[in-house]
Amino acid sequence: MGLILTALVVFLISDLLLSFFGNPGATTISYTEFNNQLNKGNITKIYSKGDAIEGTLKSAQPKPDGAKGEYTDFATQRPSFANDNLWATLQQQGIEVTATSPVVQQRSFLANLLLSLAPMVLLILIWVLLARRMSGGLGAGALGRKAPPKPVVAEAGKRTTFADVAGIDEVEAELTEVVDFLKNPQQYRKLGAKMPRGVLLSGPPGTGKTLLARAVAGEANVPFFSASASEFIEMIVGVGASRVRELFAEARKVAPAIIFIDEIDTIGRQRGAGGGMGGHDEREQTLNQILTEMDGFTGSEGVIVIAATNRADVLDPALLRPGRFDRRITVSPPDREGRAAILAIHTRTVPLAGDTDLGRLAKVTPGMTGAELANLVNEAALLAVKRKQDAVNERDLSDALEKVQLGAVRPLVMPQEERERTAYHESGHALLGMLQPGADPVRKITIVPRGRALGVTLSTPEDDRYSYTEPYLRGRIIGALGGMAAEQVVYGVITTGAESDLEQVTNIARGMAGRWGMSERVGRLTAVPADAQGAYGLSAAPTTLDAVDEEARRIVAECYDDAVRLLTEQRARLDALAAALLEAETLDEEAAYRAAGVPRKASEDASEQASGDASGEA
Ligand code: ADP
Ligand code: MG
Ligand code: ZN
């Protein structure tokens, strides 16, 4: 919008300038035509500069090239090879010849100066406009002054409080101290107790970090200044730092207050460590400004900085020093009880039918975060609207869960041949998953195309899993290779459908060899950084990295052999499962185990589940 406006202004101005200073009356004609007119004796005077000629005719002529109207002023260009005796002809006819630039002659010195400066002036103008717009942020007009940062207004009764947060009680408990301090800072001052100046919330996306920060402000009933770190990064160096200064100044004015800086890792990455191109200086300056502001706190102003990040591991250590973000709180995805509580919060305004059971839903949603659960409830509500019900029932919830876990159904008519191949592919994943001792049970298999996948096999763990054994990881690799192996066993050819399987396999195998010390040859060291985008080559010697690669290859090759061998041995079960899948299209846990003829060994009373994952898509 702004750009279009600027372009328009530039266009208008340059148009204006041109019509002022140019010679718009002159019609460009060919040199031949000029010669014709000259020979007819129809020219009164000419100006020439080099080979460019402008002049005036005695009597008007129709414009060339069929254009409408007539002209008397003309311009033309004399070709350098023209061997005519132009000067003699001109003299003969007594035509007045002026051999200076028509431009200089018609324009004053001032106009010329202006014209030559015009492009530069325009550029500066654009630059200033852009700069204003950038630093102005939302709400400030193209030319308007930037408004100082404003706290999110305290709307009584509508503010977020701890009642809106569930499933992360231990985090809440840590933050109540902060709330208490903000409520009566005098108490703390009297006893000389210093509060943490910065609280860093770290955890996966969607676990409620932003929500918590708001809730702290809501509970303490203090102004809440919220900024996303990426907002500070501007094209113009220095703007970020000055915005930080303003933000802190405003907060001090209304203290006690909370400053919330979201996604602090965008500016708080380790300095000097491979952080994107451009904006590097800006990032550093902004970060330094934040640190300086926090160092400037005497500790009794009552301004507390809360920052959030998904990537605490990449943060600059300077941020974590005492006196800065020294209170670090990890926010994890909720456990089962937590999930039930979060579901309860998000269904407060959703009418539920009598048959709904949030406890059951909490049980089958291991690893889901608060945001995902909120989304799940919303999807169910949308379904209920679509189905013209007046309450959300159990079927809406389970359909919504299927959509969230497996992806939306894609209306895609597959040829029978492809369906069969997909059925075998998914059966391969599923059967190997069932046969691996200690592997996560298979929850659902489908050959209905969903999302980007042609089929999905979903297996989620039965219990909490916070660490993994080597046999378990090998089982995961074997299961993920199962689709490819089944295609190999049944058809003898492999299709492109296994790409995402292989990505998963590669990640696990590399991790085993290069990060978790599961390879004798590489040894007990971490050669591959957890940060996949990080500078890969810098972490270990090239020979070590070669060894990691070779070991990962060996592990995968062994697992693939196992997968092919197992499926060849169990061909009857594979065929039976694929047939059942072709028939029903989607099999749930019980039906799948029955069709494959594999006894379901797991104990149904297992309570807690974590880390859901859709292992293996076709
Ligand atoms: P993060 O900042 O950690 O990425 P958010 O705070 O933005 O996550 O969470 C997004 C939404 O998910 C929240 O607005 C809320 O609706 C829901 N949510 C996340 N965690 C929780 C929780 N613990 N309790 C209740 N709702 C939650
Ligand atoms: Mg957030
Ligand atoms: Zn697959």
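Report on the accompanying structure.

Conventions we followed
- Residues numbered from 1 in each chain as written.
- Chains lettered and ligands numbered in written order.
- Predicted model: local features only at pLDDT ≥ 70, side-chain atom pairs only at ≥ 80, totals over all residues.
- Heavy atoms only, no water.
- Helix = DSSP H or I, 4+ residues; strand = E, 2+ residues; numbered from the N terminus.
- Contact = heavy atoms within 4.5 Å.
- Areas by Shrake-Rupley, 256 points an atom, 1.4 Å probe, with all protein chains shown as cover.
- Expected span 1.5 Å × (residues − 1).
- Buried < 20%, exposed > 50% of the residue type's maximum accessible area, 1.4 Å probe, protein only.
- Salt bridge = Lys/Arg side-chain N within 4 Å of Asp/Glu carboxyl O.
- Near = heavy atom within 4 Å.
- Polar contact = N/O pair within 3.5 Å; in protein donor to acceptor, adjacent residues only side chain to side chain.
- Pairing = 2+ DSSP bridges.
- Axes fitted to C-alpha atoms, helices over the stretch in contact; angles between N-to-C directions.

Examining the overall build of the protein chain
Move 1: Along its length, the protein chain carries 22 helices and 13 strands.
Move 2: Counting contacts in the protein chain only where the partners sit at least 6 residues apart, residues at least 24 apart contribute 74% of the total.
Move 3: Summing over all exposed atoms, the protein chain offers an accessible surface of approximately 31,700 Å²; the carbon and sulfur share of this is 56%.

Let's talk about helix 10 (residues 239-253)
Move 1: Here helix 10 contains 15 residues, and its C-alpha end-to-end distance of 21 Å stays within 8% of the 21 Å for a straight helix at 1.5 Å per residue.
Move 2: Regarding helix 10, the residues found buried are V239, G240, A241, V244, L247, F248, E250 and A251.

With respect to the pattern of salt bridges
Move 1: All told, the structure shown has 25 salt bridges when counted by the stated rule.
Move 2: In this structure, the salt-bridge partner of E402 is R450, at a minimum N-O distance of 2.9 Å. Within this pair, whereas E402 is found in helix 16 (residues 394-406), its partner R450 is found in the loop between strand 11 (442-446) and strand 12 (456-459), the two being separated by 48 residues in sequence.
Move 3: For R524, the salt bridge is made with E520, and the minimal N-O distance between the two is 2.9 Å.
Move 4: One network of salt bridges, with partners in common, ties together E470, R474, E551, R554 and E558.

Regarding the site of ligand 1
Move 1: Neighbouring residues of ligand 1: 15 residues in total, closest A166, G206, K209, T210 and H346.
Move 2: Here an oxygen atom of ligand 1 and a side-chain polar atom of K209 are 2.7 Å apart.
Move 3: Within the complex, 78% of the 560 Å² of free accessible area of ligand 1 lies under protein.
Move 4: The set of elements that each furnish at least two residues to the shell around ligand 1 consists of helix 8 (209-220), helix 13 (336-346) and helix 15 (370-386).

Some thoughts on the sheet that holds strand 8 (residues 257-262)
Move 1: The strand order 7-8-9-6-10 describes an open sheet built from 5 strands, whose pairing is parallel. On the outer flanks of this sheet lie strand 7 (224-228) and strand 10 (327-330), each paired with one strand and no other. Looking at each pair of strands side by side, their axes are set apart by 20 degrees on average, direction ignored.
Move 2: Inspection of the sheet shows strand 6 (residues 198-202) paired to strand 10 by 4 bridges, in the parallel sense. For L200, the partnering residue across the bridge sits in strand 10 and is R328.
Move 3: Contacts from helix 6 (residues 169-183) reach strand 6, strand 8, strand 9 (303-309) and strand 10 within the one sheet, and its direction differs from that of strand 10 by about 145 degrees.

Remember, this is a structural readout, not a statement about activity or role.
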